[in-house]
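So you can see what is in the structure, the chains are spelled out below.
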Amino acid sequence: MAYTTVYAGIVFIEGPHPDASIICDITCDLSFKFGAQLKNLNDVKNNLVAKAKAHNANCVTDFKYGQKSRWLAIDDVAFWGSGKCAFLPENVYAQLVEKHSIK
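Presented here is a report on the structure given in the accompanying data block. (Residues numbered from 1 in each chain as written. Predicted model: local features only at pLDDT ≥ 70, side-chain atom pairs only at ≥ 80, totals over all residues. Heavy atoms only, no water.)

**A word on the pattern of salt bridges**
- Taken as a whole and judged by the stated rule, the model has 1 salt bridge.
- Put simply, K84 and D25 hold a salt bridge, and the shortest N to O gap is 3.1 Å. With K84 in strand β5 (residues 77–87) and D25 in strand β3 (residues 21–29), this pair connects stretches of sequence that are 59 residues apart. (Salt bridge = Lys/Arg side-chain N within 4 Å of Asp/Glu carboxyl O. Helix = DSSP H or I, 4+ residues; strand = E, 2+ residues; numbered from the N terminus.)

As structure tokens, this is what we get:
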């Protein structure tokens, strides 16, 4: 199974999950945000969490993230993220939260 974490009540899976019902694609690009060079992966996840919750999702599958550099900018590096907003059945969600939550 793909690497999995839980952040702010949303399960992030770096790959597909067989029980996930896909709702839509979601993306985050912090390139054009003020202070982009000061942002980090948590800022990307916060953005994706808000989008997932707006769609009543409890999971982001096929989660990808990274940094990109820009040629014509003061802030030369920025984070981005993407994935599929999804809903996991309650029993599957509860198992993943139990297994992957920071204790």
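**Regarding the nonpolar core**
- Among the nonpolar cores identified, the biggest contains 15 residues, and I10, F12, V44, L48, A52 and V60 are the most heavily contacted of them.
- Only β2 (10–13), β3, α1 (41–54), β4 (59–69) and β5 provide two or more residues apiece to this core.
- Membership of the second largest hydrophobic core comes to 10 residues, among which are A20, A86, L88 and Y93. (Core = buried A, V, L, I, M, F, W, Y, C linked by side-chain atoms within 4.5 Å. Buried < 20%, exposed > 50% of the residue type's maximum accessible area, 1.4 Å probe, protein only.)

**Quick word on α1**
- Helix length check: α1, at 14 residues, gives a terminal C-alpha distance of 20 Å against a target of 20 Å (1.5 Å per residue), a fit within 8%.
- Among the residues making up α1, those that are buried are V44, K45, L48, V49 and A52. Here the buried residues of α1 occupy an arc of 135° about the axis, which is enough to place them on one side.
- At its buried positions, α1 is contacted by β1 (4–7), β2, β3, β4 and β5. (Expected span 1.5 Å × (residues − 1). Arc of directions from axis to C-beta. Contact = heavy atoms within 4.5 Å.)

**Remarks on the sheet that holds β5**
- The mixed open sheet is built from 5 strands, whose spatial order is β1-β2-β4-β5-β3. Of all the strands in the sheet, just β1 and β3 have a single pairing partner and so form its edges. Strand-to-strand, the axes of this sheet are offset by a mean angle of 30°, without reference to chain direction.
- Bridge analysis of β3 against β5 gives 8 bridges, and the strand direction is antiparallel. Bridging from a neighbouring strand, I22 pairs with A86 of β5.
- Against the sheet, α1 touches β1, β2, β3, β4 and β5, its axis set at about 140° to β3. (Pairing = 2+ DSSP bridges. Axes fitted to C-alpha atoms, helices over the stretch in contact; angles between N-to-C directions.)

**A look at the side chain of T4**
- Tracing the backbone through its elements, the reader meets T4 in strand β1.
- In contact with T4, other than residues within four places in its own chain, are V11, F12, I13 and H100.

**A look at the packing of aromatic side chains**
- Scanning the entire structure with this criterion turns up 2 aromatic pairs.
- Consider the rings of F12 and F63, whose centres lie 4.9 Å apart with planes at 65°: the pair is edge-to-face. Here the residue F12 occupies a position in strand β2, and F63 occupies one in strand β4, the gap between them amounting to 51 residues. With respect to burial, F12 and F63 carry one shared label: buried.
- Relative to Y65, the ring of F63 lies with its centre 5.2 Å away and its plane at 25°, an arrangement referred to as stacked.
- Ring pairing ties together the aromatic residues F12, F63 and Y65, which thus form one cluster.
- Against the face of F12 rests K45, its NZ or CZ located 5.2 Å from the ring centre. (Phe/Tyr/Trp six-rings, centres within 6.5 Å; stacked < 30°, edge-to-face > 60°. Lys NZ or Arg CZ within 6 Å of the ring centre and 35° of its normal.)

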